[in-house]
Amino acid sequence: MTTMTTSRSTSRKLSRFVWHYVEMVIAMLAGMFALAPLWPDAWSARPEIGALVMATDMTIGMTVAMALRRHSWARIGEMAAAMYLPFLVLLVPFWLGALSATGLMMAGHVIMFPLMLAAMVWRRDHYWH
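Residues numbered from 1 in each chain as written. Predicted model: local features only at pLDDT ≥ 70, side-chain atom pairs only at ≥ 80, totals over all residues. Heavy atoms only, no water.

Colleague: Is there a simple way to think about the packing of helix α3 (residues 47-68) against helix α4 (residues 73-95) in this case?
Modeller: When two helices pack together, their arrangement is given by the angle between the helix axes and by the axis-to-axis distance. The interhelical angle for the contact between α3 and α4, taken along N-to-C directions, is 170 degrees, at an axis separation of 10 Å. Here α3 is positioned roughly antiparallel relative to α4, judged by the angle of their axes. Contacts from Pro-47, Glu-48, Ala-51, Leu-52, Ala-55, Thr-56, Met-58, Thr-59, Met-62, Thr-63, Met-66 and Ala-67 of α3 reach α4 at Trp-73, Arg-75, Ile-76, Met-79, Ala-80, Met-83, Tyr-84, Phe-87, Leu-88, Leu-91, Phe-94 and Trp-95. Partitioning the contact of α3 with α4 into residue classes produces 19 nonpolar, 3 polar and 2 charged. (Axes fitted to C-alpha atoms, helices over the stretch in contact; angles between N-to-C directions. Helix = DSSP H or I, 4+ residues; strand = E, 2+ residues; numbered from the N terminus. Parallel < 35°, antiparallel > 145°, perpendicular 65-115°, else oblique. Contact = heavy atoms within 4.5 Å. Nonpolar A, V, L, I, M, F, W, Y, C, P; charged D, E, K, R; others polar.)

Colleague: Where do I start with the nonpolar core in this structure?
Modeller: For soluble globular proteins, nonpolar side chains are generally found buried alongside one another. The biggest cluster of nonpolar side chains holds 26 residues, and the ones touching the most others in it are Met-62, Met-79 and Met-116. For this core, the elements supplying multiple residues, two or more each, are α1 (10-35), α3, α4 and α5 (101-122). For this core, the element with the highest residue contribution is α4, accounting for 9 residues. (Core = buried A, V, L, I, M, F, W, Y, C linked by side-chain atoms within 4.5 Å. Buried < 20%, exposed > 50% of the residue type's maximum accessible area, 1.4 Å probe, protein only.)

Structure follows, in structure tokens:
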């Protein structure tokens, strides 16, 4: 007996890829809103601590979602790095006074999303199916 495997169309793969990205963003938002009330207000008073706490909240949400989808810890770690890296890099200009607190938060988030997409494209064999 012969079995035939059917391959998904490119448009179907692309839609699954995009949906996976959207799912991660939703999970990040859920983590941010669910975990934010757990932290002391004094932490949010310092912009650099607030940015890192928010990145942590979003990373926890994304980690749970990726773990439920049975991604490897290596892929989860790469995505977590893509989420933290912008904030860590931007702390230097913030501390030097070249970036405001609002700029830190805005730029960190703006850079985070393309980095996440880049991680997905780099490892497309894990996301493109």
